[in-house]
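Topology and contacts: notes
Letter by letter, the chains look like this.
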There are 2 protein chains.
Amino acid sequence: MAVRFSQRMNEVRASEIREILKLTQRPEVISFAGGLPAPESFPVAELKEVTARVLDERGREALQYSPTEGYPPLRRWVADHMNETLATTVNADEVLITSGSQQGLDLSGKIFLDEGDVVLCESPTYLGAINALRAYRPRFVEVPTDDDGMLPQALDALLAREERARLVYAIPDFQNPTGRTWSLPRRQAFMEVVRRHRIPVVEDCPYGEIRFEGIPLPALKALDQDGLLIFLGTFSKIFCPGLRIGWIAAARSLVEKYVLVKQGADLQTATLAQMQVAAYVEDYDIALNVARACAIYRPRRDAMIRALEREMPAGVQFTRPSGGLFLWVELPEQVNARELLAACVERQVAFVPGGSFFPNGGHENTMRLNFSNMPEERIEEGVRRIGAVLRELLGQGEADAPLEREAVAG
Amino acid sequence: MAVRFSQRMNEVRASEIREILKLTQRPEVISFAGGLPAPESFPVAELKEVTARVLDERGREALQYSPTEGYPPLRRWVADHMNETLATTVNADEVLITSGSQQGLDLSGKIFLDEGDVVLCESPTYLGAINALRAYRPRFVEVPTDDDGMLPQALDALLAREERARLVYAIPDFQNPTGRTWSLPRRQAFMEVVRRHRIPVVEDCPYGEIRFEGIPLPALKALDQDGLLIFLGTFSKIFCPGLRIGWIAAARSLVEKYVLVKQGADLQTATLAQMQVAAYVEDYDIALNVARACAIYRPRRDAMIRALEREMPAGVQFTRPSGGLFLWVELPEQVNARELLAACVERQVAFVPGGSFFPNGGHENTMRLNFSNMPEERIEEGVRRIGAVLRELLGQGEADAPLEREAVAG
């Protein structure tokens, strides 16, 4: 008798991309593949200071077990912060602290999905959400999506057709992978559809505050009058990811269900890390962190867009996000981005092929580029290399041409 | 249309006990209900020191994302520590760092269990494992268990009968809830059965090092030649629980599957917390923490046993564990421990009724007592109060009698 695994393990598989990307972690590689915030934005000295204070003042409490719901002062701060920045009206007891917002995705699958149930999502959508939800064996239905977000009429028609629709998953701000942000009219129309069908929505908002220009828009959660919205937030992009502190904000009756399944999943999020974050936001203004991160990312985005405009051959389209960490590239139809990646890795530059972001496959001529974790000159050099490899694949010239040109210019 | 939840949510429910126990968190209550380590054993000052060092030397790395598998120096230390203390032969790449060992239980359910599959466990077994695994909708089969552990012949017969048997769950050292430890011959006989049936085993070992007397026994993992054992370890009882750092040790092919599902569940365990623990075990000898904890718990266990011998009426049986945090009481058959708890809470003393530890119910005349988190005099007073309430329920005297006796004695 051989050891048997659950059926979901046939679907939860290591991607071949992950193996390629492991090669790209060497420092000499210019990687646009990850989703890493810039480490120079992390307030290391300040965290050291508040950690000492927490351990001096409440050390034993910080190292002990604590309630599943989360550290009360942090839950209060999260509610206040959401209400100030997102126009919501959340109470502290509607907040559950999670082990990163990724955990909110896993718990959502656990709460809402039986095998064969339908999740509706943007097309494309976040790879980590596909992976988390796939463990519950749903069917993914991709909702047509344009530059302003998910198309409400298409969602309406799909909800009318799909009897087993159980959950909508959306990333309305600086979406991963496209960098797109839903317009206000689109948010309102979306909420009308959601309200009519009474379908729960997971609103994933890790990047909302990382805005370089323009005015913030209300969260979907702020437009929800029916308790259908489950908001996932995180400190990963506005503070740092290494503490793994995120949150869920939802109607109390839903939070109670999340608390039950979180108890089984990991009992609670680390007490000390919650108290560190609570002490940090008490002593410092997190808006300054956000401003610091944006000041780093904005010129990097600009550099990437300029380089793409200069280096990409005709027929290549890309988004121009107003915030976040990513932009999205559509290559000519005949180009397979997985093949492009394999060739690029040999030139020490990497990205994530876009096909992985479509739960039902296809769209292999797309790629996601991260601009937050490399300085401008490396961004320019990396895009130049991708452009050279791409032209080679398209038969538009030698891959070495730009190097020769550079040599001539030098 | 009403919001619909997954079918598992019919089984994952808030227990009525949890609601009662919330009442017992007030400081005036003598609670034997939790499983809390003694906070006076936590090395607060030392953790402050190593945290400062980590943030000074590698602050940006500590606050950044890191690989799902865990921080390499910590994985190496865990492998070495297991090999030294448990007679295993684990390599660092057979270790996955988890968000507490509770996460190891959830991930095990995800990897091994489809609805209707069978989990075999001790009778009784850890409530948190029942809750974690129940989310995957298995059928629990309780294996007859005596003072030396699970009965191997009974396990053999059940494995032969249960075609859908997928996983055995066991806590061989200072079991939660009974405090029992499996004998060495029992461990060997168990492993023969496991080997014959080629069934994966989750060995949950949070308390193994918390031994007050006698010699340590090899882990089941140390007796496994077939890669069937999945060992769950944790720093919660040998260091502190508030950082939520645990681990899985298993054959590399199994660890790879755990890594895949952990990615979906929470991406990774907190980088900083892993580096804090790694720095602590580098600078300090964790054996001293264990010795400090044991020096606190041993007299507490002694006080509880003495008090039970003195205060319990005839017909009450209880275990006398050589380590761990808990002991187990069997009351006369006519006593329902949930009713006893309700009456005890009014006298400001609490415990967990034992019925919750039997996945298929029954055994309502049992209770679990924690002895690690209260000083001796409160343990004696708490047991005295339980004895008084119990005698009252049994019609063996007035509940107030001991108070009067005390008044006379005073």
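This part covers the interface of chain A and chain B. The interface is formed by 77 residues belonging to chain A together with 77 residues belonging to chain B. Summed over both sides, the interface of chain A with chain B buries roughly 6,600 Å², with 60% coming from carbon and sulfur. Scanning the region where chain A abuts chain B turns up four salt bridges. As a salt-bridge pair, aspartate 106 of chain A and lysine 110 of chain B come within 2.5 Å of each other at their nearest N and O atoms. Going through the elements one at a time, helix 1 (16–22), helix 2 (44–63), helix 4 (100–112), helix 8 (252–266) and helix 9 (271–283) of chain A are the ones with two or more residues in the side of chain A that touches chain B. Residue composition of the side of chain A that touches chain B, grouped by class: 37 nonpolar, 21 polar and 19 charged.

Attention now goes to the relation of the copies chain A and chain B. Each copy superposes on the other: chain A lies on chain B with an RMSD of 0.0 Å after a rotation of 180° and an axial shift of 0.0 Å. Interpreted geometrically, this transformation is the action of a two-fold axis. Taken together, the interface assignments show that 100% of the residues at the interface of chain A recur at the interface of chain B, consistent with an identical surface on both copies.

Residues and elements named next belong to chain A. Each assigned domain of chain A is listed with its residue range as follows: domain 1 (15–35 + 288–409) and domain 2 (44–284). If you average the C-alpha positions of domain 1 and of domain 2, the two centres end up 28 Å apart. When domain 1 packs against domain 2, the two sides together hide about 2,300 Å² of surface, and 60% of this comes from carbon and sulfur. Scanning the region where domain 1 abuts domain 2 turns up two salt bridges.

A few words on helix 8 (residues 252–266) of chain B. Residues and elements named next belong to chain B. The terminal C-alpha atoms of helix 8, which comprises 15 residues, lie 20 Å apart, in line with the 21 Å expected from a rise of 1.5 Å per residue. Leu254, Val255, Tyr258, Val259, Leu260, Val261, Lys262, Gly264, Ala265 and Asp266 are the residues of helix 8 that are buried. Downstream of helix 8 by one or two residues, leucine 267 has phi in the positive range, about 65°.

The next point concerns the pattern of salt bridges. Under the defined criterion, the tally for this structure stands at 64 salt bridges over all chains. One salt bridge in this structure joins aspartate 93 of chain B and arginine 252 of chain B, with 3.3 Å as the shortest N-O distance. Residue aspartate 93 of chain B is located in the loop between helix 3 (72–86) and strand 2 (95–98), and its partner arginine 252 of chain B is located in helix 8; the two are separated by 159 residues in the primary sequence. Arginine 384 of chain B is the partner of glutamate 381 of chain B in a salt bridge, and the nearest nitrogen-oxygen pair spans 3.0 Å. In this pair, glutamate 381 of chain B and arginine 384 of chain B are both assigned in helix 12 (residues 376–393), three residues apart and thus about one turn of the helix distant. The exposure class of glutamate 381 of chain B is partly exposed, given its relative accessible area of 21%. The class of arginine 384 of chain B is buried, set by a relative accessible area of 11%. One salt-bridge network, held together by shared partners, links Arg53, Glu57, Glu282 and Asp283 of chain A.

Adjacent strands of a sheet pair through backbone hydrogen bonds, lying either parallel or antiparallel. Read from one edge to the other, the open sheet built from four strands follows the order 11-12-15-14 (chain A), with strand pairing classed as antiparallel. Where the open sheet ends on each side, the last strands, each with one partner, are strand 11 (317–318) and strand 14 (352–353) of chain A.

Here we come to the side chain of serine 6 of chain A. Note on placement: serine 6 of chain A falls in the segment before helix 1. Note on serine 6 of chain A: relative accessible area 2%, which makes it buried. Excluding residues within four positions of it along the chain, serine 6 of chain A makes contact with Lys110, Ile111, Phe112, Leu113 and Asp114 of chain B.

Right, let's talk about the sheet that holds strand 4 (residues 139–143) of chain B for a bit. All names here are of chain B. Ordered in space as 2-10-9-8-7-3-4, the seven strands form an open sheet in which the pairing is mixed. In this open sheet, the two strands that pair with only one neighbour each are strand 2 and strand 4. Mean inter-strand twist for the sheet, computed between neighbouring axes without regard to direction, equals 20°. Along the sheet, helix 8 contacts strand 2, strand 8 (201–204), strand 9 (229–234) and strand 10 (246–249); its crossing angle with strand 2, the most-contacted strand, is approximately 25°.

All names here are of chain B. The peptide bond linking serine 123 to proline 124 adopts the cis configuration, its omega dihedral lying at 5°. Tracing the backbone shows proline 124 in the loop between strand 3 (118–122) and helix 5 (127–134). Going from asparagine 176 to proline 177, the amide bond is cis rather than trans, its omega being 20°. Turning to its location among the elements, proline 177 is positioned in the loop between strand 7 (165–170) and helix 7 (184–197).

Within the largest apolar cluster, 179 residues are counted, with the highest numbers of intra-cluster contacts made by Phe32 and Phe235 of chain A together with Phe32 and Phe235 of chain B. Counting residues in hydrophobic clusters, the runner-up holds 66 residues, among them Tyr126 of chain A together with Val12, Leu107 and Cys121 of chain B.

Here we take up the confidence of the model for chain A. Residues and elements named next belong to chain A. Taken residue by residue, chain A gives an average pLDDT of 94. The fraction at 70 or more is 96%. The low-confidence segment residues 399–410, where pLDDT is below 50, has 10 contacts with residues more than four positions distant or belonging to other chains. With pTM at 0.94, the complex prediction returns an ipTM value of 0.94.

Our focus in this paragraph is the side chain of threonine 271 of chain B. The topology assignment puts threonine 271 of chain B in helix 9 (residues 271–283). Here the side chain of threonine 271 of chain B touches serine 66 of chain B through a polar contact of 2.9 Å, side chain to side chain.

To continue, consider the packing of helix 4 of chain A against helix 8 of chain A. All names here are of chain A. Between helix 4 and helix 8, the least distance of the axes is 10 Å, while the angle of their chain directions is 110°. When the axis of helix 4 is compared with that of helix 8, the two are roughly perpendicular. On helix 8, the residues touching Gln103, Gly104, Leu107, Ser108, Lys110, Ile111 and Phe112 of helix 4 are Leu254, Lys257, Tyr258, Val261, Lys262, Ala265 and Asp266. Residue composition of the contact of helix 4 with helix 8, by class: seven nonpolar, three polar and four charged.

Residue and element names in this part refer to chain B. Here strand 15 (residues 366–370) lies mainly inside the structure; five of its five residues are buried. Summarising the sheet, strand 12 (residues 326–330) and strand 15 pair through five bridges and their orientation is antiparallel. Counterpart to glutamate 330 in the pairing with strand 15 is threonine 366. Note: strand 14 (residues 352–353) against strand 15, two bridges, orientation antiparallel. Note that in strand 15 the partner of valine 352 across the bridge is arginine 368.

Calculation rules
- Residues numbered from 1 in each chain as written.
- Chains lettered and ligands numbered in written order.
- Predicted model: local features only at pLDDT ≥ 70, side-chain atom pairs only at ≥ 80, totals over all residues.
- Heavy atoms only, no water.
- Contact = heavy atoms within 4.5 Å.
- Buried area = accessible area lost by both parts, 1.4 Å probe.
- Salt bridge = Lys/Arg side-chain N within 4 Å of Asp/Glu carboxyl O.
- Helix = DSSP H or I, 4+ residues; strand = E, 2+ residues; numbered from the N terminus.
- Nonpolar A, V, L, I, M, F, W, Y, C, P; charged D, E, K, R; others polar.
- Least-squares fit on C-alpha atoms with pLDDT ≥ 70 in both.
- Domains from an automatic or database assignment.
- Expected span 1.5 Å × (residues − 1).
- Buried < 20%, exposed > 50% of the residue type's maximum accessible area, 1.4 Å probe, protein only.
- Pairing = 2+ DSSP bridges.
- Axes fitted to C-alpha atoms, helices over the stretch in contact; angles between N-to-C directions.
- Core = buried A, V, L, I, M, F, W, Y, C linked by side-chain atoms within 4.5 Å.
- pLDDT = per-residue confidence, 0-100.
- Polar contact = N/O pair within 3.5 Å; in protein donor to acceptor, adjacent residues only side chain to side chain.
- Parallel < 35°, antiparallel > 145°, perpendicular 65-115°, else oblique.

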